[in-house]
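Summary of the model geometry
The residues making up each chain are set out below.
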Amino acid sequence: SDIASFNCVELLESFRVDTFGSYDEYSAGGVVVRWMEDAVHFLLILDSYGKWGLPKGHIESGENNRDAAVREVIEETGLPEVTLGQTLGSVDWSYLCSQTSKSKKKCCEYFLMRAVKGSLTPQVSEGIQDCRWVSMSEVFQILDYDNVRTEIERAVEIVKSGSPNEIFEKEG
């Protein structure tokens with residue numbers, strides 16, 4: 001039985017390393033909400049491909065996912081600050097690298113965030129063409145990326161569960 005348990009541990013260990021190493025890029029981003037006119041609105045960005053999605057970006061050296069998510073949201077949207085909430089999960093996808101013509105696998109973790117003030121200024125230097133607050137009823141109609149629907153759906157459920165202060169106080 002010692003041999004069998006050793007093999008299981010060894011197998012799990014190799015699986016863990018392989019899974020972690022299977023991504024070429026790691027990113028973090030936010031599903032940013034704002035209560036305006038007594039209704040929840042979601043922040044979408046118009047990216048360099050002309051598609052509406054969520055703000056996200058690369059995790060820099062020495063940075064954790066949470067810090068990267070906050071930094072990227074602020075950089076891409078011009079918001080002065082956001083309050084970080086809970087994780088909403090990760091999304092992975094593959095794309096063709098234009099420089100190498102090789103397939104790359106990317107993983108992005110999204111966090112619920114709250115903005116209470118500030119105007120939006122798209123980060124044009126990074127290809128962000130526009131930023132917009134959209135109502136809960138519009139968000140899925142405008143969103144172009146189906147792979148982040150689940151994270152937005154989780155955010156919708158959370159924001160429906162309580163007042164802004166209750167939701168973000170829990171995360172403190």
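Provided above is the structure to which this section pertains.
Here's what I pulled together on the structure shown here. (Residues numbered from 1 in each chain as written. Predicted model: local features only at pLDDT ≥ 70, side-chain atom pairs only at ≥ 80, totals over all residues. Heavy atoms only, no water.)

With that settled, consider the overall build of the protein chain. A tally of regular secondary structure across the protein chain gives five helices and seven strands. Along the protein chain, helices and strands appear, N-terminal first, in the series α-β-β-β-β-α-β-β-β-α-α-α. Partitioning the contacts of the protein chain with sequence separation of at least 6, the portion at a separation of at least 24 is 69%. When the accessible surface of the protein chain is totalled, it reaches about 10,000 Å², and 49% of it is carbon and sulfur. (Helix = DSSP H or I, 4+ residues; strand = E, 2+ residues; numbered from the N terminus. Contact = heavy atoms within 4.5 Å. Areas by Shrake-Rupley, 256 points an atom, 1.4 Å probe, with all protein chains shown as cover.)

Okay, the pairing of strand E6 (residues 103–114) next. Within E6, nine of the 12 residues are buried, which leaves it mostly tucked inside the rest of the structure. Pairing geometry for strand E1 (residues 25–36) and E6, over nine bridges, is parallel. Within E6, the residue paired with Gly-30 across the bridge is Phe-111. One ladder, built from 11 bridges, connects strand E5 (residues 83–96) with E6; its direction is antiparallel. Bridge pairing in E6 links Leu-84 to Met-113. Counting the residues that bridge the hairpin from E5 to E6 gives six residues, and of these Ser-101 lies at a positive phi of roughly 60°. (Buried < 20%, exposed > 50% of the residue type's maximum accessible area, 1.4 Å probe, protein only. Pairing = 2+ DSSP bridges.)

Looking at where Glu-25 falls in the secondary structure, it is placed in strand E1. Look at Glu-25 and you get buried, because its relative accessible area is 15%. The residues touching Glu-25, leaving out its near neighbours within four places in the chain, are His-58, Tyr-95, Lys-104, Lys-105, Lys-106 and Cys-107.

Look at helix H4 (residues 149–160): 16 Å from first C-alpha to last across 12 residues, which is about the 16 Å you get at 1.5 Å a residue. Where H4 is concerned, the buried positions are Glu-151, Ile-152, Ala-155, Val-156, Ile-158 and Val-159. Seen from one end, H4 has its buried residues packed into an arc of 165°, which puts them on one side. Structural note: H4 exposes Glu-157 and Lys-160 on the side pointing more than 90 degrees away from its buried face. (Expected span 1.5 Å × (residues − 1). Arc of directions from axis to C-beta.)

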